[in-house]
Amino acid sequence: MGRLFLLQEQCLRLMGHSMDSQSNDDRALTLGLKHFASLLLVISAEYPMMSYVMYNRDDIELVTASLSVVFTNLLTVIKISTFLVYKQNFWQLMHSFRQIYPKSHQSASDVVGHDYITKDNNFAALLGKAYCISCACTGLYFMLDPILKIISSHWRGEIYIRELPMPMKFPFNDVNTPGYEFGFGYTVFVTIAVVLYASAVDGLFISFAFNLRAHFQALQQRIQQLTFDQSAEEDHEQMIQVVQYHVKLLDLSKQLRITYMPIVFGQFLITSIQVGVIIYQILTHMDNAMALIRFFSFFGSIMLQLFLYCYGGELIKNESLQVGVAVQLADWHLATPKQRRSLAFIMHCSQRGMLIKAGFYEASLANFLAIFRAAMSFIAVIQSAE
């Protein structure tokens, strides 16, 4: 099996983060400044974006077009800030999952559990790559769009007022040289930071979620394979291993929830606002094919981000609940009273699924569908108003 979280770790390394550097005190200050530089870069982009909003405040279409990008940038600020605050938690989660992987298949009886973990990690790696490519393609489209317009206008002999890739207005002439080139380059660096952090932080969440799902399934398999026909010492040892395995998974689930709580809250809140803004843009640009492609791509990108968190939360909740079902399907009636108490402890801990939530937002498919239905209702309201 390939190294876990390899793609996400590579993205973080490109931004200057490394698990190996966490224990090097001599470089702590230098690395800290370097890490906060990326945060300040993304935060600084809010100024030209909000300047664009204020400059065009009388044009609702331009304002809504820029607000969708403003909110995306703000969400990235939340993700970078959360990563910097809980950086040790991120590395610890990655280390913990790498450590418990061999423990899930110590004997031949755990081969099915091993298959669960291998399959889910391979799928998580594939999904992470697809998500990274999706983010990169969206960012690349924004970068190439003004360049293609310049080339097309030059080829047709038309006068074209140059536009920046993102709706920004700088406190200098950003239409002519050299202001335009500076603004364009600045936007490229901001976009790279946004794509890398989104790929790393969001990709890590879905990888953690798939790992937990696989380990919960491996635990269910181990519980159902309990025989209670060995020696008293061997039965006691296997029961201890099962209980410790379950407690470890619950601890990892809680650590994941705490670490991603600010991101989950920001993801739901900001996506809810973005959906309304982008839907309005789509309905007001039905006659512009290029604009529709851009807005549908952007809409798909933000909904995909939300779906990753909702789907991951749904997996963890369902599989943690199924542990209690696995106990009921096991040969618990053959167990000793002491072993039954251990099984009852596992069932008690499994009565409530592990929820990934922040405040009143719960990462679940039901809430994802609720936001999607709200978007469809918003379309109907706007169309009826027109």
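Structure shown above.
Anyway, here's the lowdown on the structure attached to this text.

Parameters at a glance
Residues numbered from 1 in each chain as written. Predicted model: local features only at pLDDT ≥ 70, side-chain atom pairs only at ≥ 80, totals over all residues. Heavy atoms only, no water. Helix = DSSP H or I, 4+ residues; strand = E, 2+ residues; numbered from the N terminus. Buried < 20%, exposed > 50% of the residue type's maximum accessible area, 1.4 Å probe, protein only. Contact = heavy atoms within 4.5 Å. Areas by Shrake-Rupley, 256 points an atom, 1.4 Å probe, with all protein chains shown as cover. Lys, Arg positive; Asp, Glu negative; His and termini not counted. Charge placed at Lys NZ, Arg CZ, Asp CG, Glu CD. Patch = residues over 30% accessible without salt bridge, like charges linked within 9 Å, V, L, I, M, F, W, Y side chains within 5 Å. Salt bridge = Lys/Arg side-chain N within 4 Å of Asp/Glu carboxyl O. Axes fitted to C-alpha atoms, helices over the stretch in contact; angles between N-to-C directions. Parallel < 35°, antiparallel > 145°, perpendicular 65-115°, else oblique. Left-handed = near helix turned anticlockwise from the far one by under 90°. Disulfide = S-S within 2.5 Å. Core = buried A, V, L, I, M, F, W, Y, C linked by side-chain atoms within 4.5 Å. Nonpolar A, V, L, I, M, F, W, Y, C, P; charged D, E, K, R; others polar.

A few points about the overall build of the protein
So, point 1. Scanning the protein from N- to C-terminus turns up 11 helices and two strands.
So, point 2. Written out in order from the N terminus, the α and β elements of the protein read α-α-α-α-α-α-α-α-α-α-β-β-α.
So, point 3. Over its C-alpha atoms, taken along the principal directions, the protein stretches across nearly 85 × 60 × 35 Å.
So, point 4. Counting all 386 residues of the protein, 50% fall into the buried class.
So, point 5. A separation threshold of at least 6 residues defines the contact pool for the protein, and within that pool the share at least 24 residues apart is 79%.
So, point 6. Accessible surface for the protein amounts to roughly 18,800 Å². Of this, 63% is attributable to carbon and sulfur atoms.
So, point 7. Of the charged side chains in the protein, 28 are positive and 29 negative; the average position of the first set lies 3 Å away from that of the second.

Describing a nonpolar patch on the surface
So, point 1. Side chains of Leu140, Leu144, Ile147, Leu148 and Ile151 sit close together on the surface and give an oily, nonpolar patch of about 450 Å² of accessible area.
So, point 2. Take leucine 140: it is sitting in helix α6 (residues 111–156).
So, point 3. Under the relative-accessibility criterion, leucine 140 is labelled partly exposed at 46%.

Quick word on the packing of helix α7 (residues 179–224) against helix α8 (residues 232–284)
So, point 1. Orientation of α7 relative to α8, taken along the N-to-C sense of each, is 160 degrees, at an axis distance of 11 Å. Comparing the axis directions of α7 and α8 gives the class roughly antiparallel. α7 and α8 meet at a crossing whose hand is left-handed. Residue-level inspection shows Val201, Leu204, Phe205, Phe208, Leu212, His215, Phe216, Ala218, Leu219, Arg222 and Ile223 of α7 in contact with α8, the latter providing Gln241, Val242, Tyr245, His246, Leu249, Leu250, Leu252, Ser253, Leu256, Tyr260 and Ile263.

Details of the state of the cysteines
So, point 1. Per the stated rule, a full pass over the model turns up zero disulfides.
So, point 2. Free cysteine cysteine 132: the closest other cysteine sulfur is in cysteine 11, separated by 4.6 Å.
So, point 3. Here cysteine 137 stays unpaired: no disulfide links it, and the sulfur of cysteine 132, its closest cysteine neighbor, is 9.3 Å away.
So, point 4. A relative accessible area of 46% means that cysteine 137 is categorised as partly exposed.

Some remarks on the nonpolar core
So, point 1. One finds Phe97, Phe208, Ile223, Leu256 and Tyr260 to be the most contacted residues of the largest nonpolar core, which totals 96 residues.
So, point 2. Of the residues forming this core, the biggest block, 20 residues, is contributed by α7.
So, point 3. In this view, isoleucine 223 contacts Val242, Val323, Ala326, Val327, Ala330 and Ile346; residues no more than four positions away in its chain are not counted.
So, point 4. The next biggest cluster of nonpolar side chains, apart from the first, holds nine residues, and it includes Tyr131, Ala198, Leu308 and Leu315.

Looking at the pattern of salt bridges
So, point 1. One pass over the structure, following the stated rule, counts eight salt bridges.
So, point 2. One salt bridge connects lysine 149 with glutamate 163, and the closest N-O pair in it is separated by 3.8 Å. With lysine 149 in helix α6 and glutamate 163 in the loop between α6 and α7, the pair connects residues that are 14 residues apart, well separated along the chain.
So, point 3. The class for lysine 149 is partly exposed, based on a relative accessible area of 30%.

A closer look at the side chain of threonine 72
So, point 1. Within the secondary structure, threonine 72 is located in helix α4 (residues 60–85).
So, point 2. Relative accessible area serves as the criterion here: at 19%, threonine 72 is assigned to the buried category.
So, point 3. Those residues in contact with threonine 72, other than ones at most four positions away along the chain, are Gln274, Phe298 and Ile302.

Thoughts on the environment of isoleucine 223
So, point 1. Position of isoleucine 223 relative to the elements: it lies in helix α7.
So, point 2. The spatial distance from the C-alpha of isoleucine 223 to the C-alpha of valine 243 is 9.6 Å, given a sequence separation of 20 residues.

Notes on the packing of α8 against helix α9 (residues 289–329)
So, point 1. In the contact formed by α8 and α9, the axes pass within 9 Å of each other and the chain directions differ by 155 degrees. Compared by their axis directions, α8 and α9 come out roughly antiparallel. Note that α8 runs across α9; the crossing there is left-handed.
So, point 2. Here the contact of α8 with α9 is built from residues that sort into 21 nonpolar, seven polar and no charged.

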